[in-house]
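Structure assessment
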Amino acid sequence: MTDPTLLVNASHPLPPDWEPDDLVDLWEQQPRHFLLPMRREFLSRPAFEAVNALSAAAVAAGFDDFEVRSAYRGYKRQEPLFAADPESGLVAKPGQSEHQTGLALDVGTWKGPFLSDENARHRAWVAEHCWDFGLVIRYPAGKEDVTGVPAEPWHLRYVGRDVAAEMRDRGWVFEEWHELRRTGA
Ligand SMILES: [Zn+2]
């Protein structure tokens, strides 16, 4: 099982042959409380269980249309994506994408991408509740200088409940959690 505190960014890339060893096929998981696009998608088991629990809570709160739009992406699959959009900063270089860990996923709804106006209430709900399930908004607005990535309210990362709670309570992004934890701040 992958360490949920594994840090992946431009200065901490993964090797091309790095793969998670606990991927689950999301289509095969039942009960499943979120929607999926019409292709196979995979996540590490703890990340699946976290987003499934988050989605069940969302359904209970009246949101029944959450979709996991993109989950695990291996190194090879990241190559053409980066080649198609090397400039915006929204597509990581191969090896620098958290999607390679199996612990990250992009959410939206069947109505479309998370940034669209009709998903504003969904965005707010996820931002408030993801922490309780061990998921964090990995690239929040206002922390672009720390993460090196433009704000991506749709990109969730599984870090475990304790780390998520600490990041929420301290207002830290993952780079800050790693740095400040190491230095004992
Ligand atoms: Zn993403």
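Residues numbered from 1 in each chain as written. Predicted model: local features only at pLDDT ≥ 70, side-chain atom pairs only at ≥ 80, totals over all residues. Heavy atoms only, no water.

This brings us to the overall build of the chain. When helices and strands are counted, the chain shows six helices and six strands. Reading the secondary structure of the chain in the N-to-C direction produces β-β-α-β-α-β-α-β-α-β-α-α. Computed over C-alpha atoms, the radius of gyration of the chain comes to 15 Å, within 12% of the 16 Å expected from 2.2 N^0.38 for 185 residues, which places it in the range of a compact globule. With 185 residues in all, the chain has 50% of them scored as buried. Across the chain, every contact between residues at least 6 apart in sequence was considered, and the portion connecting residues at least 24 apart equals 64%. Element-wise, carbon and sulfur atoms account for 53% of the exposed surface of the chain, whose accessible area totals about 9100 Å². Here the chain holds 20 positive side-chain charges and 30 negative ones, and the gap between their average locations is 1 Å. (Helix = DSSP H or I, 4+ residues; strand = E, 2+ residues; numbered from the N terminus. Rg over C-alpha atoms; globule rule 2.2 N^0.38 Å. Buried < 20%, exposed > 50% of the residue type's maximum accessible area, 1.4 Å probe, protein only. Contact = heavy atoms within 4.5 Å. Areas by Shrake-Rupley, 256 points an atom, 1.4 Å probe, with all protein chains shown as cover. Lys, Arg positive; Asp, Glu negative; His and termini not counted. Charge placed at Lys NZ, Arg CZ, Asp CG, Glu CD.)

When you tally the buried positions in strand β6 (residues 152-158), you get six out of seven residues, the bulk of the element. Pairing between strand β4 (residues 104-109) and β6: three bridges, direction antiparallel. Counted as the bridge partner of leucine 105 is leucine 156 from β6. Here strand β5 (residues 135-139) runs beside β6; their pairing, made up of four bridges, is antiparallel. By the bridge assignment, isoleucine 137 is partnered in β6 with leucine 156. (Pairing = 2+ DSSP bridges.)

Tallied over the full model, the rule gives six aromatic pairs. Aromatic pair phenylalanine 63 and tryptophan 125: ring centres 5.9 Å apart, planes at 50 degrees, arrangement tilted. Placement of phenylalanine 63 in the loop between α1 (45-60) and β3 (66-70) and of tryptophan 125 in helix α3 (residues 120-129) is noted, with a sequence separation of 62 residues between them. Accessibility expressed as a relative area gives 11% for tryptophan 125, which makes it buried. (Phe/Tyr/Trp six-rings, centres within 6.5 Å; stacked < 30°, edge-to-face > 60°.)

Compared with the 22 Å implied by 1.5 Å per residue over 16 residues, the 22 Å span of α1 between its first and last C-alpha is a close match. Regarding α1, the residues found buried are Pro46, Ala47, Phe48, Ala50, Val51, Asn52, Leu54, Ser55 and Ala58. Downstream of α1 by a residue or two, glycine 62 has a phi angle that is positive, lying close to 105 degrees. (Expected span 1.5 Å × (residues − 1).)

With that out of the way, let us pick up the nonpolar core. Leu26, Leu43, Val68, Leu105, Leu135, Leu156 and Met167 are the most contacted members of the largest nonpolar core, which has 38 residues in total. Elements supplying a minimum of two residues to this core: α1, β3, β4, α3, β5, β6, α5 (161-170) and α6 (174-183). With six residues, α1 is the largest single contributor of residues to this core. In this structure leucine 43 touches Asp22, Leu23, Val24, Leu26, Phe48, Val51, Ala71, Tyr72, Gly102, Ala104 and Leu105, once residues within four positions along its chain are discounted. (Core = buried A, V, L, I, M, F, W, Y, C linked by side-chain atoms within 4.5 Å.)

We now examine the pattern of salt bridges. Within this structure, the stated rule accounts for 12 salt bridges. A salt bridge links arginine 77 to glutamate 41; the nearest nitrogen and oxygen atoms lie 4.0 Å apart. In this pair, arginine 77 sits in helix α2 (residues 75-84) while glutamate 41 sits in the loop between β1 (23-25) and β2 (42-44), placing the two residues 36 residues apart along the sequence. Taking relative accessible area as the criterion, arginine 77 reaches 38% and is therefore assigned partly exposed. In this structure, lysine 143 engages glutamate 176 in a salt bridge whose closest nitrogen and oxygen atoms are separated by 2.9 Å. One end of the pair, lysine 143, is in the loop between β5 and α4 (144-147); the other, glutamate 176, is in helix α6, with 33 residues separating them in the sequence. (Salt bridge = Lys/Arg side-chain N within 4 Å of Asp/Glu carboxyl O.)

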